[in-house]
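# Summary of structural features
Here's the letter readout for the chains.
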Amino acid sequence: MTCMKRIFSKTRRITVGRLVGVTLTSGRCFHAELVRTESSGLPIVHHSKYVCDLPANHRFPMAKFPRVLHCLLQDQVITERQVWVPEIASKDLLGAVHTEDYLNNFISGRINEQEQRRTGFPWSEGIVRRCRYETGGTVLAAEVALQRGLACSTAGGTHHAFPSYGSGFCLLNDLAVAAKYLMNSSSRKRKVLIVDLDVHQGDGTAFIFKDEPSVFTFSVHCGKNFPVRKQQSDLDISVEDGLEDKEYLSTVAEHLPWLLETFRPDLLLYDAGVDPHWEDELGRLRLTDQGLYQRDHYVMKTVVKRGIPIATVIGGGYSRDINKLALRHSIVHRAATQVK
């Protein structure tokens, strides 16, 4: 690399768009500005507006999003013909997860200083726009996955956002919005499995779906990391600081197959956070590049071989070295090309 639900009762949880006139084979994608039906390669969902301006020296690595796509194109992992462009997420789409008051305040800028500190972002029209495009990207990736079996966004994974507030660099919960939309957009209510392998627990997602039997939330996370107050996923696996590749992969492999066989999802949303990496500034685990690749390849291959559509998002990853971080985030896309 040069550029480098319910299986159990809800009371018994486990702790350990707009289309450009092209019709696809089994339906339409309603959240695309541009579709690339002429390419049979892995669909990559990306928008140039996944980014916005932040104050100088801000901790969030905003510049990583375009660099992920740049890495994939420069290394000839994909071509431009494989890139699908999402629409901005509408207020109605977001309203299936987030409260009307929160959306009105977030979109119009009525966010006080305390609320901004909780999210880690100063409010701006740019941050609203990027979050809405990012959410649209996750919805589109899920739609395309239903058509093609596998699709990957170059952003997403904002799993700390709750219905009425944002938290931890997450302002809109893209995973929850996509799950809600795809769950309810067919004559038969789809079952969605959310596999969250970001180093931080997906607390917002767990809270949103705590009483929804059609969505199963599975989180493997560092127990002593953010958030301090955990929510209850349908299956939480809390691991200790310093966990390395072999033990981490064994943990995932111990649980994923039986979840697929027992819950039998119609769609899987995969948060492939790279913050379990040993160099991550906020991680506390010890995975290597190879460990991340093996993790991502295992998850996608295990799901695809069962005929279950899967959409991936990049999740968390924190480093001052944007090029190195973008390369790390591109691992899931590289692994996906070997699964297709």
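Heads up: these notes are all about the structure in this document. As the structure is a computational prediction, the values presented were derived from the model and not from experiment.

## Regarding the environment of Leu268
Relative to the helices and strands, Leu268 is located in strand β9 (residues 267-271). For Leu268, a relative accessible area of 0% corresponds to the buried category.

## Topic: the packing of helix α1 (residues 64-74) against helix α10 (residues 322-329)
In contact at an axis separation of 8 Å, α1 and α10 are set at 65 degrees when each is read in the N-to-C sense. Note that α1 runs across α10; the crossing there is right-handed. Every residue of α10 that contacts α1 at Lys64, Arg67, Val68 and Cys71 is listed here: Ile322, Asn323, Leu325, Ala326, Leu327 and His329. Residues that form the contact of α1 with α10 fall into these classes: six nonpolar, two polar and two charged.

## Structural notes on the packing of aromatic side chains
On inspection of all chains with the given rule, the structure shows ten aromatic pairs. Between Phe60 and Phe121, the ring centres sit 5.2 Å apart and the planes meet at 80 degrees, which makes this aromatic pair edge-to-face. Pair noted here: Phe60 is in the loop between β3 (44-45) and α1 and Phe121 is in the loop between α4 (113-119) and α5 (125-148), with a separation of 61 residues, a long-range link. Side by side, Phe60 and Phe121 carry an identical accessibility label, which is buried. Three or more aromatic residues link up through ring pairs in this structure, and these residues are Phe60, Phe65, Phe121, Phe169 and Tyr318. Over the ring of Tyr318 we find Lys64; its NZ or CZ atom is 5.6 Å from the centre of that ring. Positioned over the ring face of Phe263 is Lys191, at 4.5 Å from the centre of the ring.

Definitions and cut-offs
- Residues numbered from 1 in each chain as written.
- Predicted model: local features only at pLDDT ≥ 70, side-chain atom pairs only at ≥ 80, totals over all residues.
- Heavy atoms only, no water.
- Helix = DSSP H or I, 4+ residues; strand = E, 2+ residues; numbered from the N terminus.
- Buried < 20%, exposed > 50% of the residue type's maximum accessible area, 1.4 Å probe, protein only.
- Axes fitted to C-alpha atoms, helices over the stretch in contact; angles between N-to-C directions.
- Left-handed = near helix turned anticlockwise from the far one by under 90°.
- Contact = heavy atoms within 4.5 Å.
- Nonpolar A, V, L, I, M, F, W, Y, C, P; charged D, E, K, R; others polar.
- Phe/Tyr/Trp six-rings, centres within 6.5 Å; stacked < 30°, edge-to-face > 60°.
- Lys NZ or Arg CZ within 6 Å of the ring centre and 35° of its normal.

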